[in-house]
Amino acid sequence: MKVYFIKIALRGVSPMIWRRLSVPGSASLAMLHDSIQIINGWDDTYLNQFRIFGKDYGVYHDGGISFNDNARNVYIDDFKFDVGDKFTYEYNFFQHIMHDIRIEKIQESSLTDNHIICQSGNGMPGASKYDAANIELKMLKKIVSKKGKLTVKDIIDFQEEYYQVKFNKKRINASLRAISSE
């Protein structure tokens, strides 16, 4: 089985927000779409589409645009990508959030699982390094005000807020494994 190593970068954002994924050739475009939602911390609220070799592909949403092909039946291997090939993913047709996707490496693998894995990344859409620092400061103030006696809810609330602004590969990969097994 082929495994494609891709870099996904959010266009027009500085500092750059990016992810490197390993994607099995047997993964569908719908699975890649779901993965992009997860790696960006999104919940599939807005319409979206891939543009690959001049053709649009996407996951149909009620009331949205329709596509000629069902993204659940179109696989990465179907495109016969070469290293250096590029395509785009657009999310939210009102804000036109564009992702540039590039094939960095293609490798044969003896593995048979159909998991997309986040190898590395940087940044979260809509967040700055100051957002993470502010959340950390808020938590420190809570620790002081409660004299170190935090509840489980305090910690869970902190984690939920923090992971919306801070890239966390381990958490992303746990979520990616869940969609791979669906």
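Just so you know, these numbers come straight off a predicted model, no measurement behind them.

Brief notes about the sheet that holds strand 4 (residues 55-57)
Phase 1 of the analysis: What the seven strands build is an open sheet, ordered 4-3-5-6-1-2-7; its pairing is antiparallel. If you trace the sheet from one side to the other, it starts and ends with strand 4 and strand 7 (117-122), each paired once. Averaged over all pairs of adjacent strands, the angle between their axes in this sheet comes to 25°, without regard to strand direction.
Phase 2 of the analysis: Both strand 5 (residues 86-91) and strand 6 (residues 97-108) contribute to a ladder of six bridges, which runs antiparallel. The residue bridging Thr 88 from the neighbouring strand is Asp 100, located in strand 6.

What about the packing of aromatic side chains?
Phase 1 of the analysis: This structure, assessed with the given rule, holds ten aromatic pairs.
Phase 2 of the analysis: Centre to centre, the rings of Phe 79 and Phe 81 are 5.3 Å apart; their planes meet at 25°, and the pair counts as stacked. Considered together, Phe 79 and Phe 81 belong to a single accessibility category, that of buried residues.
Phase 3 of the analysis: Aromatic side chains Phe 158 and Tyr 162 sit 5.2 Å apart centroid to centroid with 20° between the ring planes, which places their arrangement in the stacked category. Of this pair, Phe 158 and Tyr 162 both sit in helix 3 (residues 152-162), four residues apart, which is roughly one turn of the helix.
Phase 4 of the analysis: One aromatic cluster is present, formed by Tyr 4, Phe 50, Phe 53, Tyr 57, Phe 79, Phe 81, Phe 87 and Tyr 89 through successive ring pairs.

Describing the nonpolar core
Generally speaking, soluble globular proteins have nonpolar side chains that are buried together.
Phase 1 of the analysis: One finds Ile 6, Leu 21, Leu 29, Leu 32 and Phe 50 to be the most contacted residues of the largest nonpolar core, which totals 34 residues.
Phase 2 of the analysis: The biggest single contributor to this core is helix 1 (residues 29-39), with six residues.
Phase 3 of the analysis: Excluding anything up to four places from it in sequence, Leu 21 contacts Tyr 4, Phe 5, Ile 6, Ile 8, Leu 32, Ile 39, Ile 116, Ile 117, Cys 118 and Gln 119.

Considering the pairing of strand 2 (residues 18-24)
Side-chain direction in a regular strand flips from residue to residue, so the side chains alternate between the two faces of the sheet.
Phase 1 of the analysis: Of all seven residues in strand 2, six are buried, a share of seventy percent or more.
Phase 2 of the analysis: Pairing geometry for strand 1 (residues 2-10) and strand 2, over seven bridges, is antiparallel. Across the sheet, the residue bridging to Lys 7 is Arg 20, located in strand 2.

Concerning the pattern of salt bridges
Phase 1 of the analysis: This structure, assessed with the given rule, holds ten salt bridges.
Phase 2 of the analysis: Between Arg 102 and Glu 104 there is a salt bridge, and its shortest N-O distance comes to 3.2 Å.
Phase 3 of the analysis: Given a relative accessible area of 23%, Glu 104 falls into the partly exposed group.
Phase 4 of the analysis: One salt bridge connects Lys 138 with Glu 161, and the closest N-O pair in it is separated by 2.9 Å. With a gap of 23 residues between them, Lys 138 in helix 2 (residues 129-145) and Glu 161 in helix 3 connect regions that are remote in the sequence.
Phase 5 of the analysis: The exposure class of Lys 138 is partly exposed, given its relative accessible area of 48%.

Rules and cut-offs
- Residues numbered from 1 in each chain as written.
- Predicted model: local features only at pLDDT ≥ 70, side-chain atom pairs only at ≥ 80, totals over all residues.
- Heavy atoms only, no water.
- Pairing = 2+ DSSP bridges.
- Helix = DSSP H or I, 4+ residues; strand = E, 2+ residues; numbered from the N terminus.
- Axes fitted to C-alpha atoms, helices over the stretch in contact; angles between N-to-C directions.
- Phe/Tyr/Trp six-rings, centres within 6.5 Å; stacked < 30°, edge-to-face > 60°.
- Buried < 20%, exposed > 50% of the residue type's maximum accessible area, 1.4 Å probe, protein only.
- Core = buried A, V, L, I, M, F, W, Y, C linked by side-chain atoms within 4.5 Å.
- Contact = heavy atoms within 4.5 Å.
- Salt bridge = Lys/Arg side-chain N within 4 Å of Asp/Glu carboxyl O.

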